[in-house]
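# Per-entry structural report
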Amino acid sequence: MIEIQHLSKTFQTADGTVEALTDVSLSIQSGDIYGIIGMSGAGKSTLVRCINMLERPTEGAVLIDGQDIGSLSEKALRQVRRSVTMIFQGFNLLMQRTCLKNICFPLELAGIPKAKALARAKELLEIVGLPNKANAYPAQLSGGQQQRIAIARALATDPKVLLCDEATSALDPNTTHSILQLIREINRKLGITVIIITHQMSVVEEVCSRVAILDDGRVVEEGPVGTVFSSPRSDAARRLVFPEGEQSELPGTPGERRIRVVFNGALATGTPLIAQMAIEKNIAANILFASTRSIEEKVYGSMLLGIPGGVEKVQEATAYLQSMKDILVQEVTERA
């Protein structure tokens, strides 16, 4: 278990003091896949670097399995970092080394015998699905393949925790999906706790069970992904979940009322839901905005609908849509 207790971090700059983190407290259960999401400048990367003490917090503590790692000697802290490893947006591979030797590198630093290190590296190439790339160099690989090698290297020392700092930000959507599937498989098979730092809501939706929303260095919301994304309470969470705006100015038909439909893992159907409602209930909804995605036959995201016909039609549409599992409907009653 990882406990972050009242963590603050300030930096001194030429322009004065910058408060990167302010009184951050989180509890992350062992074996969880935990998301920390926020916009650029929210303090996400500073927080992840404080978790393994690459950045020393100004105040507060980080406890891993009850041990305050900030109180450890440098030698003891190096040992902890072998069990709390990181992958990065830029992969950080050694370009002059082959893939096999990149994976061996942390084992060399740990003093593992060469034969044992090579055997472990070959096992890890199998785990990440690149057994035929042992003698290739990073420059010969795609971005997704480089990230797989980086993951293998991070797993070399049998860590308990894997920190992912914007690890999919440089990848296209299909490659991102395959990397997230690999992370999920590693989590399930090896029981490794995964902390994912990202600005992409879709990444958190796909693999995380809990999420913390970071804004201006503070945790403004935290909880199960489904709860936070279905009914966000903070302004920061609403900006992430509803990119069209909390009170939309999108044009529609005069006199219509507006509802927001949030899909939180609803099963995809053969007939589009809004068309199905039109056929079954004779409600011709106007789709004003839609940001949805299907992941393994489940739908995530939101829609903004215009409903003609007054209060009764809105109530009828709401009842119909909410009768479906994992769909939340909210009326948008004001306009910005």
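Right above here is the structure, for reference.
For the structure given in this document, a descriptive report is provided here. (Residues numbered from 1 in each chain as written. Predicted model: local features only at pLDDT ≥ 70, side-chain atom pairs only at ≥ 80, totals over all residues. Heavy atoms only, no water.)

## Here's the deal with the sheet that holds strand E5 (residues 67-68)
Spatial ordering of the open sheet is given by E2-E1-E4-E5, a layout of four strands whose pairing is antiparallel. Bordering the open sheet on either side are strand E2 (16-28) and E5, each of which pairs with just one other strand. With five bridges joining them, strand E1 (residues 2-13) and strand E4 (residues 59-64) adopt antiparallel strand pairing. Within E4, the residue paired with glutamate 3 across the bridge is leucine 63. (Pairing = 2+ DSSP bridges. Helix = DSSP H or I, 4+ residues; strand = E, 2+ residues; numbered from the N terminus.)

## Brief notes about the packing of helix H3 (residues 99-109) against helix H5 (residues 143-155)
Two elements in contact, H3 and H5, have axes whose closest approach is 7 Å; the angle formed by their N-to-C orientations is 30°. Classified by the interaxial angle, the pair formed by H3 and H5 is roughly parallel. The two elements H3 and H5 cross, and the hand of that crossing is right-handed. Taking contact as the criterion, the partners of Cys99, Asn102, Ile103 and Pro106 in H3 are, on H5, Ile149, Ala152 and Arg153. Among the residues forming the contact of H3 with H5, the class breakdown is five nonpolar, one polar and one charged. (Axes fitted to C-alpha atoms, helices over the stretch in contact; angles between N-to-C directions. Parallel < 35°, antiparallel > 145°, perpendicular 65-115°, else oblique. Left-handed = near helix turned anticlockwise from the far one by under 90°. Contact = heavy atoms within 4.5 Å. Nonpolar A, V, L, I, M, F, W, Y, C, P; charged D, E, K, R; others polar.)

## Focus: the sheet that holds strand E9 (residues 210-215)
Taken in spatial order, the six strands make up an open sheet running E6-E7-E8-E3-E9-E10, and their pairing is mixed. Whereas interior strands pair on both sides, the edge strands pair on one side only; in this sheet they are strand E6 (84-88) and strand E10 (218-224). On average, each strand axis in the sheet is tilted by 15° relative to the strand beside it, whichever way the strands run. Examined bridge by bridge, E6 and strand E7 (residues 161-165) share five bridges and lie parallel to one another. Each bridged residue has a counterpart across the sheet, and for phenylalanine 88 the counterpart in E7 is aspartate 165. The strands touched by helix H1 (residues 44-51) are strand E3 (33-37), E6, E7, strand E8 (193-198) and E9; relative to E8, the strand with the most contacts, the crossing angle is about 155°. The sheet contacts of H5 involve E6 and E7, and relative to E6 the element is tilted by about 170°.

## Brief notes about helix H4 (residues 114-127)
Because the α-helix completes a turn every 3.6 residues, residues three or four places apart line up on one side. The end-to-end C-alpha distance of H4 is 20 Å, a good match for the 20 Å that 14 residues give at a rise of 1.5 Å each. Those residues of H4 that fall on the buried side of the exposure criterion are Ala117, Arg120, Ala121, Leu124 and Leu125. Down the axis of H4, the sector holding all buried residues measures 145°, keeping them to one side. Those residues of H4 that are exposed and aimed more than 90 degrees away from the buried face are Ala115, Lys116 and Glu126. Check the buried side of H4 and you find it contacts H3 and H5. Among the residues trailing H4, glycine 129 stands out with phi positive, at a value near 80°. (Expected span 1.5 Å × (residues − 1). Buried < 20%, exposed > 50% of the residue type's maximum accessible area, 1.4 Å probe, protein only. Arc of directions from axis to C-beta.)

So, to be careful, I would describe these as geometric facts and stop short of saying anything about function.
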